[in-house]
Amino acid sequence: ENDYYRAITEYKRFISYYPEAPQIPHAAIGIANAYYKAAKYNDAIESYRNFLAKYPENKNIEEAVLNLAYSFIKAKHTDSAIKLLNEIEGKMPGSSLAEKLKILLGKYMLKEGRLDDAEKELGKIKEKSSEKEEAEKLLESLRQMRELKLKSPLLAGLMSRSEEHTSELQSH
């Protein structure tokens, strides 16, 4: 954990000493990533937002948006993650980034037992999307979950199967 704080301090020091350096965007996203990895999600959210506002044309925009969404989810700000998806969908409808955000939100909602919300997000995945296969697998798990009784021992097995699909949330 101390390494993350040291990284943040060093990135901030670099920015203050060399405010015009071409590596400033790299340092800015480095700060956000370090906060995320240190589980300081609210600080990560602020840092990703600052990065996106200051460097909207940077090559790391997709990484920043996805990590901002992960930060919202980890901080239990699901409404903010949905708002972010809607903004991206409005600016870049059908983009690969929007599709990845739909998968991320669908997985989270599935994990939280919000089956209707998960189905809604996963159902929005475009037919030709690179995320379609994963969305179909998640939707199939969702359908199977609905068919089982809530307290069924089979549900536990199904939930463990769907955990394979949601493990990305836990490891990211």
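Residues numbered from 1 in each chain as written. Predicted model: local features only at pLDDT ≥ 70, side-chain atom pairs only at ≥ 80, totals over all residues. Heavy atoms only, no water.

Enquirer: Looking at this model, I keep getting lost on the environment of Tyr41. Mind explaining?
Expert: Looking at the secondary structure, you find Tyr41 in helix 3 (residues 41–54). With residues up to four places along the chain from it excluded, the contact list for Tyr41 reads Tyr36, Ser71, Lys74 and Ala75. (Helix = DSSP H or I, 4+ residues; strand = E, 2+ residues; numbered from the N terminus. Contact = heavy atoms within 4.5 Å.)

Enquirer: Just checking my understanding: could you explain unusual backbone geometry for this structure?
Expert: Generally, phi is negative for residues other than glycine and the peptide bonds are trans, each holding for most cases. Residues other than glycine seldom take positive phi values, yet Ala39 does so here, at roughly 65°. With respect to the helices, strands and loops of the structure, Ala39 is situated in the loop between helix 2 (24–37) and helix 3. Its relative accessible area of 42% is what places Ala39 among the partly exposed residues. Despite not being glycine, Lys76 has its phi angle at roughly 65°, a positive value. (Buried < 20%, exposed > 50% of the residue type's maximum accessible area, 1.4 Å probe, protein only.)

Enquirer: Before we go on, may I ask you to explain the nonpolar core in this structure?
Expert: The nonpolar side chains of a soluble globular protein tend to be buried with one another. Within the largest apolar cluster, 46 residues are counted, with the highest numbers of intra-cluster contacts made by Tyr48, Val65 and Leu101. If you list the elements that add at least two residues to this core, you get helix 2, helix 3, helix 4 (61–74), helix 5 (78–91), helix 6 (96–111), helix 7 (115–123) and helix 8 (132–147). In contact with Val65, other than residues within four places in its own chain, are Leu52, Leu84, Ile88, Leu97 and Leu101. (Core = buried A, V, L, I, M, F, W, Y, C linked by side-chain atoms within 4.5 Å.)

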